[in-house]
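# Analysis of the macromolecular model
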Amino acid sequence: MMPKRNRKGNVNLTGRRRLNRKLFKLKVDWEKMEISTLDLNLGSLMAGKDGIPANSPVSLTARFRDVWEEFDLGVVGALDIPSEMSLKKFGSNPITFQFRLRSAKVGEEGILNVRSAKFSHSKPQGGTIKLKVDEYHLLHFEIVTFSTKGVPLEIQFPTNPQGTVSIRVNQQECPQLFEALDEGIGAYWGLVVVPYLSTIVERLASDANRGAFEPTETPDENSEWQCMMNAVFKDWVGHGVQDIDIEDGEEVSEWARKVSSHFCRLIGNPALAANTLVVSS
Amino acid sequence: MNEVTVRRLNEAGISEFLKINWGKCSQDEGNPPDILLDPKFSEEVIFSNGNTREIDTEATFSNGIEMVEVLRLSIGDRLQPGDTKDVGLWAWLSLAFYDQIRAKDKDGNWKSCAAARMIPSGRTVSYYRHSMSARYFMHSVHGNNSLWILQGPINRWSDLYEQISSTSWIISSTSIIEAVQKLYYDPSLPNGIKKGAAGKMEGSARRLVAVLNQFWETYDLRSMSSDQILDLLPSEFVNFKPLNQEEV
């Protein structure tokens, strides 16, 4: 079994400091597969009586799964940034970076003095990852640039009748969340898709109520997305929007609960997986 | 000897391969489909030098060391860890040596086997479990420091392998893997692993990963030597440390 990362908080008995994100700037050129911009401003770290010694080695680590690259950037007082920092070995996979500054004092070999938070860069994707429901693509994940910061996800309903419901993930701030959803990791599907299923169910009830689609119609490739989604849910739990009182909020909620419950059984036990995720984070 | 050109399974081939019974089952249910050389299910692999390669599908190996040698003689030793993306190639190789990779019980029935051991899953949580590619890449990256994963039988996946290879910053670090070899490898044992290394008790690999995860917060372990890392380990690892064994 894969080990759990059951750290109890971040131990800091050595006065390790955090490299603030404002102190560095890193850009990846995905065409050339290399780091195109790397600006580091470490002067402030050396200031004061607790300042980091100028001869502390600085490195930048880059990784994707078992592919690892470490760039030696010289020492704090005299940075020596390589002119070429190739990332070709990573292919087009997302890369997680971290700056790490080691102690240069004798007797403290290997002690980590300063580190940045891990941060990721992903190759911009124009396409979408589709989640197959029945034989149609009714729901998919999409990684997009959000206009506002801090929002991890949003759901977007189709504007055309044969469209696809889209769960959109914030590209700048949540590339790893997209990766986890794309890989179908149960815990993330449980935390993201299950609540959105309720949203979709309620949307179906609302659209049926205003006559946007005909729930009793047998779906074919020209049917509205609502009709197809409704047919899938009916197949899952035995009744669709046509079998409930869509004006009764409690009945709609009960239907949503059944749909969510069936979906969770389909993908395993996301409740347990989600709890494990919290415990191990 | 039966030398054939190395191939990769296509999508249809992988689907066909996935249809076998992966649980505990009889010979017939667990036998792989006869699609190894069928062009409907696979294609020849053109390697980076523009050539194809041959492999003897009747080669036998009793452990990982011999298996890696068979692979190196065929596909060479230049494939990089990033090439685990070639799911079709590794699935085809598993199919070619299926009998040797999947374990049987004493009655000759197949034991249960995770599909990821035969067909690379491509997922973060199990990409490293492929019986052949995991050992091949360990050898290509760590050479003789990978004997702890190579000496045992190829149809077993010890918890030691699972614990160590599932943590990316450990598996890719030369010095940490050297420390693992010093801690847990014993060439005099048939599977090369010291007793207790694969368990859950004190000093086991499971504990090692937990301890290293804590140290990772304080030390730049990858920049340290294997001996420096071993010196950091708490007393629970004392029975595994090489020096302690010499004293005994």
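Residues numbered from 1 in each chain as written. Chains lettered and ligands numbered in written order. Predicted model: local features only at pLDDT ≥ 70, side-chain atom pairs only at ≥ 80, totals over all residues. Heavy atoms only, no water.

### Looking at the overall build of chain A
Filter applied, for reference: Counting from the N terminus, the helices are the DSSP runs of H or I reaching at least four residues and the strands are the DSSP runs of E reaching at least two. Remark: exposure states derive from per-residue accessible area (1.4 Å probe, protein chains only) relative to the maximum for the residue type, with buried under 20%, exposed over 50%, and partly exposed in between. Working rule for contacts: check all heavy atoms of both residues, and any pair within 4.5 Å makes them a contact. Using the Shrake-Rupley algorithm and a 1.4 Å probe, accessible areas are obtained, with residue cover drawn only from the displayed protein chains.
Counting its regular elements, chain A contains six helices and 13 strands. Counting only residues that meet the buried cut, chain A has 44% of its 281 residues in that class. Partitioning the intrachain contacts of chain A with sequence separation of at least 6 by distance along the chain shows that 57% fall at a separation of at least 24. Just so you have it, chain A exposes about 14,600 Å², and 48% of that area is on carbon and sulfur atoms.

### Points about the confidence of the model for chain A
Quick reminder of the rule: By definition, pLDDT measures how confident the predictor is in each residue, and it falls between 0 and 100.
Scored by pLDDT, chain A comes out at a mean of 83, with 90% of its residues at no less than 70. The low-confidence segment residues 126–135 of chain A, where pLDDT is below 50, has 21 contacts with residues more than four positions distant or belonging to other chains.

### A short note on the interface of chain B and chain A
Heads up, the rule is: Accessible-area loss on putting two parts together, using a 1.4 Å probe and summing over both, is the definition of buried area adopted here. Here a salt bridge means any side-chain nitrogen of Lys or Arg lying within 4 Å of a carboxyl oxygen belonging to Asp or Glu. We call two N or O atoms a polar contact when they sit within 3.5 Å, provided that within protein one can donate a hydrogen and the other can accept it, with sequence-adjacent residues counted only if both atoms are side-chain atoms. Residue polarity follows a fixed list, in which Ala, Val, Leu, Ile, Met, Phe, Trp, Tyr, Cys and Pro are nonpolar, Asp, Glu, Lys and Arg are charged, and the others, Gly among them, are polar.
If you look at the interface, chain B gives 32 residues, while chain A gives 28 residues. Roughly 2,800 Å² of surface becomes buried between chain B and chain A when both sides are summed, with 49% attributable to carbon and sulfur atoms. If you sort the residues of chain B by the area they bury against chain A, B:Glu217, B:Thr218 and B:Asp220 come out on top, with a joint share of 23%. The tally of links between chain B and chain A comes to four salt bridges. A salt bridge links A:Arg100 to B:Asp220; the shortest N-O distance between them is 2.7 Å. The interface formed by chain B and chain A contains 12 residue pairs in polar contact (both at pLDDT 80 or more). At the level of elements, helix 8 (159–165), helix 9 (168–171) and helix 11 (205–215) of chain B are the ones that each hand at least two residues to the side of chain B that touches chain A. Of the residues forming the side of chain B that touches chain A, the biggest block, four residues, is contributed by helix 11 of chain B. Taken together, the residues of the side of chain B that touches chain A sort by class into 10 nonpolar, 13 polar and nine charged.

### Regarding the nonpolar core
Operational definition: We define a nonpolar core as any set of buried Ala, Val, Leu, Ile, Met, Phe, Trp, Tyr and Cys residues linked to one another through side-chain atoms lying within 4.5 Å.
Counting 81 residues, the largest nonpolar core has B:Phe17, B:Trp90, B:Trp148, B:Ile164, B:Tyr184, B:Leu212 and B:Leu221 as its most contacted members. Looking at this core, the element that brings in the most residues is helix 4 (residues 87–96) of chain B, giving seven residues. With 40 residues, the next largest nonpolar core counts A:Cys174, A:Val193, A:Val241 and A:Phe263 among its residues.

### Side note on helix 6 (residues 131–142) of chain B
Condition: Multiplying 1.5 Å by the helix residue count minus one yields the expected span of that helix.
Compared with the 16 Å implied by 1.5 Å per residue over 12 residues, the 17 Å span of helix 6 of chain B between its first and last C-alpha is a close match. The positive-phi residue at the C-terminal boundary of helix 6 of chain B is B:Gly143, with phi of around 55 degrees.

### A few points about helix 4 (residues 225–237) of chain A
All names here are of chain A. Compared with the 18 Å implied by 1.5 Å per residue over 13 residues, the 18 Å span of helix 4 between its first and last C-alpha is a close match. Counted residue by residue, helix 4 has 10 buried out of 13 residues, so it is predominantly covered. Listing the buried residues of helix 4 in full gives Trp225, Gln226, Cys227, Met228, Met229, Asn230, Val232, Phe233, Trp236 and Val237. Note on helix 4: the residue one or two positions beyond its end, Gly238, has a positive phi of about 90 degrees.

### Section: the pairing of strand 13 (residues 165–170) of chain A
Residue and element names in this part refer to chain A. Worth spelling out the cut-off: Two strands pair under a simple rule: DSSP has to find at least two bridges between them.
With six of six residues buried, strand 13 is to be regarded as a mostly interior element. The alternating pattern of strand 13 places Val165, Ile167 and Val169 on one face and Ser166, Arg168 and Asn170 on the opposite face, and all of these are buried. Sheet topology places strand 12 (residues 153–156) next to strand 13; four bridges connect them, and they run antiparallel. Bridging across to strand 13, Gln156 finds its partner in Ser166.

### Some points on the packing of aromatic side chains
Put simply, the rule is: Only Phe, Tyr and Trp rings are paired, with Trp represented by its six-membered ring, and only when their centres lie within 6.5 Å; those with planes under 30 degrees apart are stacked, over 60 edge-to-face, the remainder tilted. Two thresholds decide whether a charge sits over a ring: the Lys NZ or Arg CZ must be within 6 Å of the ring centre and within 35 degrees of the ring normal.
For the structure shown, the criterion picks out 24 aromatic pairs over all chains. Ring plane angle 80 degrees and centroid distance 5.2 Å describe the contact between B:Tyr136 and B:Phe137, whose orientation is recorded as edge-to-face. You'll find B:Tyr136 and B:Phe137 in the same group, each marked buried. An aromatic cluster is built from A:Phe141, A:Trp189, A:Phe233, A:Trp236, A:Trp255 and A:Phe263, whose rings are joined through pairwise contacts. Stacked on the ring of A:Phe157, the Lys or Arg A:Arg203 has its end atom at 4.5 Å from the ring centre. For B:Arg53, the ring lying beneath its charged end belongs to B:Phe47, and the centroid distance is 4.5 Å.

### Describing the environment of A:Val278
Note on placement: A:Val278 falls in helix 6 (residues 270–280). For A:Val278 and A:Ala187, which are 91 residues apart along the polypeptide, the C-alpha to C-alpha distance reads 9.6 Å.

### Thoughts on a positive patch on the surface
Selection criterion: Patch construction takes residues with relative accessible area above 30% that form no salt bridge. Like charges are linked within 9 Å, and nonpolar side chains (Val, Leu, Ile, Met, Phe, Trp, Tyr) are linked within 5 Å. Only four residue types enter the charge count: Lys and Arg as positive, Asp and Glu as negative, with His and the chain ends excluded. By convention, the charge on Lys lies at NZ, on Arg at CZ, on Asp at CG and on Glu at CD.
Together, B:Lys24, B:Lys106, B:Lys111 and B:Arg156 make up a positively charged patch on the protein surface. You can see B:Lys24 is positioned in the loop between helix 1 (11–18) and helix 2 (27–30).

### Points about the pairing of strand 4 (residues 57–64) of chain A
Residues and elements named next belong to chain A. Of all eight residues that make up strand 4, seven are buried, and the element is covered over most of its length. Where strand 4 meets strand 5 (residues 67–75), seven bridges bridge the pair, whose relative direction is antiparallel. Within the sheet, the bridge partner assigned to Ser59 lies in strand 5 and is Asp72. What sits between strand 4 and strand 5 in their antiparallel hairpin is a turn of two residues, with Arg65 showing a positive phi close to 50 degrees.

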